[in-house]
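# Structural overview for review
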Amino acid sequence: MNRLHRLSLPFALLASASCWAQSDQGSPWYLGASLGHYYTDNVFRSNAAESSDRLTSLSLLAGADTRLGRQRLHADARFNDTRYEDNSRLDNRGYNIDAGVDWETAGNLSGTLDYTTARTLADFNSNTGIAPTTERNLQTDRSLGGSVRLGLPNLSPFIIEGTFSRRERDYSLAQWATQEYRQNTSSLGLLYNASSAWRFGVASRYTKGRVPVNGFEWDRKDVDLTALWRATGSSSLNARLSHSSSDSFTGVTGALSWTWAPGGRWVLNTKLSRDTGVETYYLGINNGLADFNRVQTAVQANLSYRLTGKLTATAGVGITRLSRDQNIALPGAGPKDNSKQYSLGLAWEALRNVTVGCQYTRLDRDTSNVLYSYNAYTAGCYVQGMIR
């Protein structure tokens with residue numbers, strides 16, 4: 001699953017199913033389709049007048065991962081058509097596309113270039129100071145990023161690294177224009193490969209953002225300390241600790257990602273984060289929000305366990321705590337916004353290239369303003385076919 005984009009709940013169910021099926025890297029390409037039917041008890045994520053509905057989602061999948069000499073090219077695409085049974089005005093077509101290249105020269109120069117874009121149904125109830133809506137609102141995200149690394153021949157363990165990223169967000173509803181933004185981030189740092197298991201880094205990072213509709217701007221300066229630990233061939237830990245400074249916040253931020261796969265049967269992925277709202281969103285904490293929160297602290301864990309050769313169970317949990325800056329949050333947003341998300345799933349490889357599965361996801365949200373508090377769950381099943 002693409003780690004850069006939070007998905008609406010029904011779409012996230014299909015996406016996680018697709019990720020499980022695509023985990024087999026035995027082929028440099030794949031084509032597929034997925035059909036799912038879901039029930040949600042609270043379509044508009046409302047604290048009152050809850051509205052349930054059933055929806056059907058059809059996805060077309062395609063991807064490739066191949067090498068051309070020293071270069072690695074990769075791409076994943078998912079096109080989704082979602083139809084609601086009772087709320088047909090919410091019918092929408094979305095997509096998630098991720099493409100990139102890992103390149104290197106014959107010398108000491110290497111790098112990456114990645115482009116990601118996604119269109120999903122936005123949150124109806126986001127606690128950004130905008131009143132909850134029942135109208136269809138499509139959220140479009142775009143991200144372009146890259147890195148360049150230069151090895152130092154006389155200091156072989158050391159590498160100079162520069163990075164750049166451009167992020168954009170748009171909404172189809174005009175009243176959400178205050179949540180649209182354009183953001184550029186660049187960094188320059190030094191990496192030290194202490195051994196095959198350890199890598200350390202220090203970098204200076206600068207971020208500049210703008211809201212097009214009202215001209216609101218922000219900037220941020222960070223000093224990053226990073227560490228990568230490849231504990232074993234099947235386990236790794238990636239950590240960042242930063243001193244961050246902006247107009248509304250000065251303090252410590254950071255993130256930690258841990259993948260643990262001690263055996264062939266199960267894999268545990270865990271993410272921890274303390275950062276501003278937009279930054280946490282792009283770490284893939286999918287129960288968090290991407291507005292201008294002062295600080296968002298989040299933890300997310302996902303477990304996949306292969307019960308048999310053809311049957312896999314999944315479980316996930318996410319907890320988010322927000323601390324808002326009243327100088328940035330719009331009137332009425334309130335400083336308290338806590339959420340918990342739970343998920344359970346079961347996937348059966350009925351045939352070599354056909355998977356059948358069911359999933360359940362629940363989200364509980366507690367805010368200072370009861371208008372933005374709600375409980376909701378989505379449950380459903382899907383069938384997916386792949387050609388590799």
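The sections below set out a description of the structure shown in this document.

Attention shifts here to the side chain of Thr82. If you trace the backbone, Thr82 turns up in strand β3 (residues 71-84). A polar atom in the side chain of Thr82 sits 3.3 Å from the side chain of Ser57. Every residue in contact with Thr82, bar those within four places of it in the chain, is listed here: Leu55, Thr56, Ser57, Asp91 and Asn92.

Attention now goes to the pattern of salt bridges. Enumeration according to the criterion identifies 20 salt bridges in this entry. The salt bridge partner of Asp141 is Arg169, with a shortest N-O separation of 2.8 Å. Of this pair, Asp141 sits in strand β6 (residues 138-151) while Arg169 sits in strand β7 (residues 158-171); the two residues are 28 residues apart in sequence, bridging distant segments of the chain. Across the pair, exposure class does not vary: Asp141 and Arg169 are buried alike. With a closest N to O distance of 3.0 Å, Arg166 and Glu168 form a salt bridge. With a relative accessible area of 26%, Arg166 lands in the partly exposed category.

Going through the model one piece at a time under the given rule, you end up with 1 disulfide. At a sulfur-sulfur separation of 1.9 Å, the disulfide partner of Cys358 is Cys381. Measuring the twist about the S-S bond at about 100 degrees, one finds the Cys358-Cys381 disulfide to be right-handed. Placement of Cys358 in strand β17 (residues 354-367) and of Cys381 in strand β18 (residues 374-387) is noted, with a sequence separation of 23 residues between them.

We now examine the environment of Asn42. Counting through the fold element by element, Asn42 comes out in the loop between β1 (29-40) and β2 (53-68). The sequence separation of Asn42 and Tyr374 amounts to 332 residues, and the corresponding C-alpha distance is 8.7 Å. A distance of 2.9 Å separates a polar atom in the side chain of Asn42 from the backbone oxygen of Ser46.

What counts and how
Residues numbered from 1 in each chain as written. Predicted model: local features only at pLDDT ≥ 70, side-chain atom pairs only at ≥ 80, totals over all residues. Heavy atoms only, no water. Helix = DSSP H or I, 4+ residues; strand = E, 2+ residues; numbered from the N terminus. Polar contact = N/O pair within 3.5 Å; in protein donor to acceptor, adjacent residues only side chain to side chain. Contact = heavy atoms within 4.5 Å. Salt bridge = Lys/Arg side-chain N within 4 Å of Asp/Glu carboxyl O. Buried < 20%, exposed > 50% of the residue type's maximum accessible area, 1.4 Å probe, protein only. Disulfide = S-S within 2.5 Å.

These figures come from the coordinates and say nothing about function on their own.
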